[in-house]
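# Survey of secondary and tertiary structure
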Amino acid sequence: EVQLLESGGGLVHPGGSQRLSCAASGFTFSTFAMSWVRQAPGKGLEWVSGISNSGGNTYYADSVKGRFTISRDNSRNTLYLQMISLRAEDTALYYCAKDQMFSVGLHRNWGQGTLLIVSS
Amino acid sequence: DIQMTQSPSSLSASVGDRVTITCQASQDPNNYLNWYQQKPGKAPELLIYDASHLETGVPSRFSGSGSGTDFTFTISSLQPEDIATYYCQQYGNLPFTFGPGTKVNIK
């Protein structure tokens, strides 16, 4: 059974940094692309970032480009999202998603999310 | 960026009714168009991928169709457990984008 367990959310001041993690199990992590998708309170879904299975290719939404960095450790079956220069509008529930083998975008499995609140 | 619109934004229907949601893309996503269901307080779940393919394990009352820039999602016979918000999403062009969602309620 695919399991995705996000962690690292919390309360952060504007301008601060945070790193989210997603621990994956139940599948061969190194053969699947992965993504982060967020949902602001009461709002819709927004794709944030994606990464190829090897980590060699990364992709970002314009709203986070230059501030967020996606990475993965295939030896630890873990996906990361390093966030800097955080803004109030980054407040959201951040979901980790398992995509297809070798390509991003089709989010087949989702974690339960970790909540990030950016506020002073 | 490809902009996604959905209609209606919400609907109420009776159990057993046929429900249809439309999704329009500002550019052709080459049929890389998915539909997700999100129940209150839960993570989204993939129902339909690549416009018309039913994800494994998803009930056959859910279906998708369309091509080009116009797509349709249908629930053939609405069930109480289908109360949710439904999102279309294109992944044919970066950045990937979601529609604003359609909230489905029982009348």
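Here's what I pulled together on the structure shown here. If you're wondering where the values come from, they're calculated on a predicted model, not measured in any experiment.

In terms of helices and strands, chain B carries 0 helices and 11 strands. Sequence-ordered secondary structure for chain B, helices as α and strands as β, is β-β-β-β-β-β-β-β-β-β-β. Against the compact-globule benchmark of 13 Å for 107 residues, chain B has a radius of gyration of 13 Å, which places it among compact chains. The buried share among the 107 residues of chain B stands at 47%.

Turning our attention to the environment of Arg61(B). Residues and elements named next belong to chain B. For Arg61, the location among the structural elements is in the loop between strand 6 (53–54) and strand 7 (62–67). On a C-alpha basis, the gap between Arg61 and Ser76 in space is 5.0 Å, while along the polypeptide they are 15 residues apart. Setting aside its immediate chain neighbours within four residues, Arg61 contacts Thr74, Ile75, Ser76, Ser77, Gln79, Glu81 and Asp82.

The next thing to look at is the sheet that holds strand 1 (residues 4–7) of chain B. Residue and element names in this part refer to chain B. The sheet built from 4 strands is open, its strands ordered 1-3-8-7 with antiparallel pairing. In this open sheet, the two edge strands, each paired with only one partner strand, are strand 1 and strand 7. Averaged over all neighbouring strand pairs, the angle between strand axes comes to 20°, with direction disregarded.

A few words now on the packing of aromatic side chains. All names here are of chain B. For the structure on display, the rule yields 11 aromatic pairs over all chains. Look at Phe62 and Phe73: their rings are 6.0 Å apart centre to centre, the planes differ by 25°, and that puts the pair in the stacked class. One end of the pair, Phe62, is in strand 7; the other, Phe73, is in strand 8 (residues 70–75), and 11 residues separate them in sequence. Note on Phe73: relative accessible area 0%, which makes it buried. Ring centres 5.2 Å apart and planes at 35° place the aromatic pair Phe73 and Tyr86 in the tilted group.

The space that makes up the largest pocket amounts to roughly 350 Å³. Of all the secondary-structure elements, those providing two or more residues to the lining of the largest pocket are strand 1 (3–7) and strand 10 (109–110) of chain A together with strand 5 (45–49) of chain B. The leading source of residues in the lining of the largest pocket is strand 5 of chain B, at 3 residues. When the residues that make up the lining of the largest pocket are grouped by side-chain class, the tally is 9 nonpolar, 6 polar and 5 charged.

Calculation rules
- Residues numbered from 1 in each chain as written.
- Chains lettered and ligands numbered in written order.
- Predicted model: local features only at pLDDT ≥ 70, side-chain atom pairs only at ≥ 80, totals over all residues.
- Heavy atoms only, no water.
- Helix = DSSP H or I, 4+ residues; strand = E, 2+ residues; numbered from the N terminus.
- Rg over C-alpha atoms; globule rule 2.2 N^0.38 Å.
- Buried < 20%, exposed > 50% of the residue type's maximum accessible area, 1.4 Å probe, protein only.
- Contact = heavy atoms within 4.5 Å.
- Pairing = 2+ DSSP bridges.
- Axes fitted to C-alpha atoms, helices over the stretch in contact; angles between N-to-C directions.
- Phe/Tyr/Trp six-rings, centres within 6.5 Å; stacked < 30°, edge-to-face > 60°.
- 1 Å grid on protein atoms, 1.4 Å probe; cavity = no way out; pocket = protein on both sides within 12 Å on 5 of 7 lines; lining within 4 Å.
- Points joined across faces, edges and corners; volume = space filled by probe spheres on them.
- Nonpolar A, V, L, I, M, F, W, Y, C, P; charged D, E, K, R; others polar.

What is shown is where atoms sit, not what they do.
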